[in-house]
Every structure is written in structure tokens, then in C-alpha cells.
Amino acid sequence: MKNILVLCTGNSCRSQMAQGYLEHFANQKATIYSAGIETHGLNPRAVDTMKADGIDISQNTSNHVDEYKEVDFDFIITVCDHANENCPFIPSKNAVRIHHNFSDPSKLEGTELETRTAFAATREEIKDYCRNFIETTL
């Protein structure tokens, strides 16, 4: 069983979405963790956006990367530039480190429709990335 860490700044939105899709597509072939270099709590819009696609992340928690320092990861995926640039040392000697920056829909200031559209667009980008990662890597 592979251990995969998805890392973002606050572990509230993009990393939570990625955890949901990686768990879905891996179908119990990997243990998926998500964490942040800070913890901001679960973003309710991320929860709603994922629910609209049939993925329930409502019971996920916002975790700090230090909580997983004893886990030996096979893959560490950073999903935002800030986490990639400020990532603390993670003692997984053999981990493959992968970076893919996804836009942050929580930073958008716009109408309700614009915000929903931004969250859905990021969700779809993360979904495609996660499906491809599982199909080509696991």
C-alpha cells in the first residue's frame, strides 16, 4: 500500500479536493493524507463543490504537516506554489516529490456565480490530475 501526501498552504480547499479524488480513484490501493504548512479549517465551498460531483469530504479534517512526520510517504504532491516554496523538511527519504499548482478559488472576489464557477473549474482540474496520477503511477 502506497502512502501519498497532498500538501497545500492551509489544507482547506485544493489539498482537500485532491485527497477526495485520490481516495476515489485509488480505490483503496493507497493511503491518502492531506496537510498544510498551516491549518485553516475545511472550506465549506470546497465541501459543497465536491458534493456536487458525488465526493463527500465533509468529514475530512484540516491537518498540519507535522502531524505526519512519522509516516514514510511514497509520494508528496504539492498543489500550490506557496507550499512548494515553503515546504518544511519531510523525512521520507524515498518519496517522489511532485508539484502542480492549481488556482485557488477561495481567493476569488466576485459574484456568487463567479465563485461557484471558479470552484467547479478548480475541482475539474484537480479531478483530471488525480485520475491521471492514479492511472499512470499506481
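Residues numbered from 1 in each chain as written. Predicted model: local features only at pLDDT ≥ 70, side-chain atom pairs only at ≥ 80, totals over all residues. Heavy atoms only, no water.

## Description of the overall build of the protein
Our working rule: Strands are runs of DSSP state E lasting at least 2 residues, helices are runs of H or I lasting at least 4, and numbering of each runs from the N terminus. For every residue, the accessible area (1.4 Å probe, protein chains only) is compared with the maximum for its type, and the residue is labelled buried under 20%, exposed over 50%, or partly exposed between those bounds.
Helix and strand counts for the protein stand at four helices and four strands. Across the protein, helices and strands are ordered from the amino to the carboxyl terminus as β-α-β-α-β-α-β-α. Here the C-alpha coordinates of the protein stretch approximately 45 × 30 × 25 Å along the principal axes. Going through the 138 residues of the protein one by one, you find that 47% of them count as buried.

## As for the packing of helix α1 (residues 14–26) against helix α2 (residues 44–51)
Test applied: To get an axis, fit a line to the C-alpha atoms, keeping to the stretch in contact for a helix; angles then go from 0 to 180 degrees between the N-to-C directions. For classification purposes, angles smaller than 35 degrees are called roughly parallel, those larger than 145 roughly antiparallel, those between 65 and 115 roughly perpendicular, and all remaining angles oblique. A crossing counts as left-handed when the near helix is turned anticlockwise from the far one by less than a right angle, and as right-handed when that turn is clockwise. Any two residues having at least one pair of non-hydrogen atoms within 4.5 Å are treated as being in contact. When residue character is reported, Ala, Val, Leu, Ile, Met, Phe, Trp, Tyr, Cys and Pro are called nonpolar, Asp, Glu, Lys and Arg charged, and the others, Gly included, polar.
At a closest axis distance of 9 Å, the pairing of α1 and α2 adopts a crossing angle of 30 degrees. Considering the angle they form, α1 stands roughly parallel to α2. In this structure, the crossing between α1 and α2 has a hand that is right-handed. Mapping the contact onto sequence places M17, G20 and Y21 in α1 and A46, T49 and M50 in α2. Looking at the contact of α1 with α2 residue by residue, the classes come out as four nonpolar, two polar and no charged.

## A closer look at the sheet that holds strand β2 (residues 30–36)
Spelled out, the test is: A pair of strands counts as paired when DSSP detects no fewer than two bridges linking them.
The four strands lie next to each other as β2-β1-β3-β4, forming an open sheet whose pairing is parallel. The sheet is open, and its two borders are formed by β2 and β4 (96–99), each paired with just one other strand. The mean angle between the axes of side-by-side strands here comes to 20 degrees, regardless of whether they run parallel or antiparallel. Pairing geometry for strand β1 (residues 2–8) and β2, over seven bridges, is parallel. Note on β2: the bridge partner recorded for N3 is T31. Contacting β1, β2 and β3 (75–78), α1 runs over the sheet at an angle of about 180 degrees to β2. On top of the sheet, helix α4 (residues 112–137) reaches β1, β3 and β4; it is set at about 160 degrees to β3, its chief contact.

## A few points about the nonpolar core
Operational definition: Joining through side-chain atoms within 4.5 Å is the link that ties buried Ala, Val, Leu, Ile, Met, Phe, Trp, Tyr and Cys residues into a set, and such a set is a nonpolar core.
Within the largest apolar cluster, 41 residues are counted, with the highest numbers of intra-cluster contacts made by I4, L5, L22 and F73. Counting residues per element, the ones that place at least two in this core are β1, α1, β2, α2, β3 and α4. Setting aside anything within four residues of it in sequence, one finds L22 in contact with I4, V6, I32, I77, C130, F133 and I134.

## Overview of the packing of aromatic side chains
To keep things clear, this is the line we draw: The pairing test for Phe, Tyr and Trp rings, Trp by its six-membered ring, is centres within 6.5 Å, and the orientation test on the planes gives stacked under 30 degrees, edge-to-face over 60, and tilted for anything in between.
Tallying each qualifying case throughout the model produces five aromatic pairs. Aromatic side chains Y21 and F25 sit 6.0 Å apart centroid to centroid with 15 degrees between the ring planes, which places their arrangement in the stacked category. Of the two residues, Y21 and F25 are both situated in helix α1; the distance of four residues between them amounts to about one turn of the helix. Like F25, Y21 is buried. Pairing F102 with Y129 gives two aromatic rings, centres 5.5 Å apart and planes at 85 degrees, and the pair type is edge-to-face. On the criterion of sequence distance, the pair formed by F102 in the loop between β4 and α4 and Y129 in helix α4 is long-range, its members being 27 residues apart.

## Overview of α1
The test is simple: Take the number of residues in a helix, subtract one, and multiply by 1.5 Å to get its expected span.
The terminal C-alpha atoms of α1, which comprises 13 residues, lie 18 Å apart, in line with the 18 Å expected from a rise of 1.5 Å per residue. Burial within α1 is extensive, with 11 of its 13 residues counted as buried. Restricting attention to buried positions, one finds in α1 the residues R14, S15, Q16, M17, A18, Q19, G20, Y21, L22, F25 and A26.

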